[in-house]
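Per-entry structural report
The residues making up each chain are set out below.
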Amino acid sequence: MPPDSTPPVTPAELRRLFFRVFPAVALSMFGAAIDQTIVASALPAIARDLGEVERVSWVVVAYLVATTVAAPVYGRLGDAFGRRRMLLVALGFYAAGATLCAVAPSITALAGFRLIQGFGGGGLISLSVALIAEVVPPRERGRFQAWIAAVFTGASALGPVVGGVLTQHFGWHSVFLIQLPLSILAAWMAVTRLRGAAPGRAQGFRFDWPGLVFFALFVGPALLALDQVRRLTTGPLLIALGLAGLAVIALWLLFRRERRAPDPLLPLPLLGDPVIWRANLMTGLVSGAFVGSVAFLPIYFTTVRGLTPAEAGLALLPLSAMSGIGALTAGNVLSRTGRN
């Protein structure tokens, strides 16, 4: 039954349905949300231990590439095979990637393992929000946004502090190892709490493999080009130009494919809606500034200011906490006024 045709329920019943699902998906969202900030505090120690400080950004870029590519994939597969099932798959990839990251012998290997972890992390947030949408009608979702924002607030605030303390006292490996029990607990919650989730509609489903290939060829080279262009020397700039050209060609092919595909990976008419593309644009700009800050400020704090990892984590706390408070405020204003 489409969400818009969901029979009306009483406020008490709606709260019961929401809090039956929310603990399970909140834990998955928390793990995905805390990843960037908890790992950011460990980046100076990783660079010091594994060397190649100029490549430490790969640890962040690899995860971003994988999560960006994986998010729409899990969305389509969740529709076909059930979102609870795909959430468990995402948690499996996330936990396996985190475990491999903890034993990575080099920056290159760590970036590769972050791809695996990111492929899981890309599904955690998108599937979690979709699972909430299964039980909460569209008109009622605004009032529950504060709970979702609270998860990101907690993750953003705790990530730098926890990451700094773990790195200082147990080494950078611990910031990845701690994600393993968190993933196992989230999987147990999903199995026990999400038994009533929709099973999916796999009949007649055709996955848009060409669309996925073109999307990956756009996202990966585009992010790598941005990583190269920051060096402002001839060699990296030429590489960035080539990667940017590949990304533009892939984007053109992606648009052509998605206009013709019977089951497109990216529904262009929906993404072309003014409300959606403006919201996505603002989200991209804000997220880019935030991720860039949490990735490189710890290195500045430790190398220039001489702070310990734990102190660097505390120094990031205002940035992380205020971003979460802003999300909470926006959610409350939206639910009360209906304006975004």
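Residues numbered from 1 in each chain as written. Predicted model: local features only at pLDDT ≥ 70, side-chain atom pairs only at ≥ 80, totals over all residues. Heavy atoms only, no water.

1. Section: the overall build of the protein
- Each helix and strand in the protein was counted, giving 13 helices and zero strands.
- Looking at the 340 residues of the protein, the share that counts as buried comes to 43%.
- Total accessible area computed for the protein in this model is approximately 17,000 Å², and 69% of it derives from carbon and sulfur atoms. (Helix = DSSP H or I, 4+ residues; strand = E, 2+ residues; numbered from the N terminus. Buried < 20%, exposed > 50% of the residue type's maximum accessible area, 1.4 Å probe, protein only. Areas by Shrake-Rupley, 256 points an atom, 1.4 Å probe, with all protein chains shown as cover.)

2. Quick look at the pattern of salt bridges
- Scanning all chains against the criterion turns up five salt bridges.
- Arg-76 is paired through a salt bridge with Asp-79; the nearest N and O atoms lie 3.8 Å apart. Taken as a pair, Arg-76 and Asp-79 lie in helix 3 (residues 57-81) at a separation of three residues, close to a single helical turn.
- Residue class for Asp-79 comes out partly exposed when judged on its relative accessible area of 24%.
- A salt bridge links Arg-257 to Asp-208; the nearest nitrogen and oxygen atoms lie 2.8 Å apart. Note that Arg-257 is positioned in helix 10 (residues 234-260) and Asp-208 in the loop between helix 8 (179-193) and helix 9 (209-229), a separation of 49 residues in sequence. (Salt bridge = Lys/Arg side-chain N within 4 Å of Asp/Glu carboxyl O.)

3. Re the environment of Ile-239
- For Ile-239, the location among the structural elements is in helix 10.
- The class of Ile-239 is partly exposed, set by a relative accessible area of 46%.
- Sequence separation of Ile-239 and Ala-225 is 14 residues, and the distance between their C-alpha atoms is 7.2 Å.

4. Some points on the nonpolar core
- Phe-22, Val-25, Leu-87, Ile-132 and Leu-194 are the most contacted members of the largest nonpolar core, which has 41 residues in total.
- Elements supplying a minimum of two residues to this core: helix 1 (11-40), helix 3, helix 4 (83-102), helix 5 (107-135), helix 6 (145-170), helix 8 and helix 9.
- Sorting elements by how many residues they give to this core places helix 1 first, with eleven residues.
- Ignoring sequence-local partners within four residues, the contact set of Ile-132 consists of Phe-18, Val-21, Phe-22, Val-25, Met-29 and Ile-148.
- Ala-33, Ile-46, Ala-47 and Leu-110 belong to the second largest nonpolar core, which has 25 residues in total. (Core = buried A, V, L, I, M, F, W, Y, C linked by side-chain atoms within 4.5 Å. Contact = heavy atoms within 4.5 Å.)

5. A few points about the packing of helix 9 against helix 10
- Two elements in contact, helix 9 and helix 10, have axes separated by 7 Å at closest approach and are oriented at 155°. Taken together, helix 9 and helix 10 sit at an angle that is classed as roughly antiparallel. As for how helix 9 packs across helix 10, the hand of that crossing is left-handed.
- Across the contact of helix 9 with helix 10, the residue classes break down as 22 nonpolar, two polar and two charged. (Axes fitted to C-alpha atoms, helices over the stretch in contact; angles between N-to-C directions. Parallel < 35°, antiparallel > 145°, perpendicular 65-115°, else oblique. Left-handed = near helix turned anticlockwise from the far one by under 90°. Nonpolar A, V, L, I, M, F, W, Y, C, P; charged D, E, K, R; others polar.)

6. A word on a nonpolar patch on the surface
- The grouping of Val-89, Phe-93, Leu-100, Val-103 and Ile-116 at the surface amounts to a nonpolar patch, some 370 Å² of accessible area in total.
- The dominant element in the nonpolar patch, judged by the number of residues it contributes, is helix 4, at three residues.
- With respect to the helices and strands, Ile-116 occurs in helix 5.
- On the accessibility criterion, Ile-116 (31% relative accessible area) is partly exposed. (Patch = residues over 30% accessible without salt bridge, like charges linked within 9 Å, V, L, I, M, F, W, Y side chains within 5 Å.)

7. A few points about the packing of aromatic side chains
- The final tally for this structure, using the stated rule, is five aromatic pairs.
- Between Tyr-74 and Phe-119 the ring centres are 5.5 Å apart and the planes differ by 50°, which places this aromatic pair in the tilted class. Of the two residues, Tyr-74 is situated in helix 3 and Phe-119 in helix 5; the sequence distance between them amounts to 45 residues.
- Residue Tyr-74 is classed as buried on the basis of its relative accessible area of 1%.
- Judged by its relative accessible area of 29%, Phe-119 falls in the partly exposed class.
- Consider the rings of Phe-93 and Phe-119, whose centres lie 5.1 Å apart with planes at 80°: the pair is edge-to-face. In this pair, Phe-93 is assigned in helix 4 and Phe-119 in helix 5, connecting sequence segments 26 residues apart.
- Judged by relative accessible area, which is 34%, Phe-93 ranks as partly exposed.
- Feature note: the residues Tyr-74, Phe-93 and Phe-119 constitute an aromatic cluster, connected by ring pairs. (Phe/Tyr/Trp six-rings, centres within 6.5 Å; stacked < 30°, edge-to-face > 60°.)

8. Brief notes about helix 9
- Taking 1.5 Å per residue, 21 residues should reach 30 Å; helix 9 reaches 30 Å between its end C-alpha atoms and fits that length.
- Residues of helix 9 that are buried include every one of Gly-211, Leu-212, Phe-215, Val-219, Gly-220, Pro-221, Ala-225, Asp-227 and Gln-228, and no others.
- Residues of helix 9 that are buried sit in contact with helix 3 and helix 10.
- One side-chain oxygen at the N-terminal end of helix 9 lies 3.1 Å from the backbone nitrogen of Gly-211; it belongs to Asp-208. (Expected span 1.5 Å × (residues − 1). Polar contact = N/O pair within 3.5 Å; in protein donor to acceptor, adjacent residues only side chain to side chain.)

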